[in-house]
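Understanding the architecture of this molecule
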Amino acid sequence: MSPFLSIARLLTIFCAVVVLIFGSGCSGKRITKANVDQVSDGMSKKQVESILGPPTSIDNKDFIVMKKTIYVYRQGNDTVTLVFKDDKLESKDSTLSE
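Residues numbered from 1 in each chain as written. Predicted model: local features only at pLDDT ≥ 70, side-chain atom pairs only at ≥ 80, totals over all residues. Heavy atoms only, no water.

Taken in spatial order, the 4 strands make up an open sheet running 1-2-3-4, and their pairing is antiparallel. Sheet topology places strand 1 (57-62) and strand 4 (88-94) at the edges, where each strand pairs with a single neighbour. Each adjacent strand pair in this sheet contributes to an overall mean axis angle of 15°, direction not counted. In the sheet, strand 3 (residues 78-85) pairs with strand 4 via 6 bridges, with the strands oriented antiparallel. Residue Phe 84 lies in a different strand from strand 4, and its bridge partner there is Leu 89. Against the sheet, helix 3 (residues 45-52) engages strand 2 (67-75) and strand 3, with an angle of about 5° to strand 2. (Pairing = 2+ DSSP bridges. Helix = DSSP H or I, 4+ residues; strand = E, 2+ residues; numbered from the N terminus. Axes fitted to C-alpha atoms, helices over the stretch in contact; angles between N-to-C directions. Contact = heavy atoms within 4.5 Å.)

In structure tokens, the structure reads:
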């Protein structure tokens, strides 16, 4: 293999890695109206996080007969609040506009 091909292959791999690292950050906001609209009642926390990513804050409340978890997502001035009852989405509230 010629040295030129080795350098070209390394450069290609380097560019692919850069695109993977920085491309995911450039894909836009995860907390969009479209993404929040994909989240529906009955979803698990894992399903929600696969769409919106990890929440900005989590508040757990353990009651005798049930467990409630509140996920809050903040992005700029926008807030999305999700309430889970026993690991299933019970309600959502959002300040996102169209």
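Attention now moves to the nonpolar core. Of all hydrophobic cores here, the largest spans 14 residues; its most connected members are Ile 31, Val 39, Val 48, Leu 52, Tyr 73, Val 80 and Leu 82. Among the elements of the structure, helix 3, strand 2 and strand 3 are those that each provide at least two residues to this core. When neighbours within four sequence positions are excluded, Tyr 73 is seen to be in contact with Ile 31, Val 48, Glu 49, Leu 52, Gly 53, Pro 54, Pro 55, Thr 56, Asp 78, Thr 79, Val 80 and Leu 82. (Core = buried A, V, L, I, M, F, W, Y, C linked by side-chain atoms within 4.5 Å. Buried < 20%, exposed > 50% of the residue type's maximum accessible area, 1.4 Å probe, protein only.)

Looking at the chain, the pLDDT average stands at 81 and 70% of residues meet or exceed 70. Below pLDDT 50 for its whole length, residues 17-27 participates in 2 contacts with residues either more than four positions away or in separate chains. (pLDDT = per-residue confidence, 0-100.)

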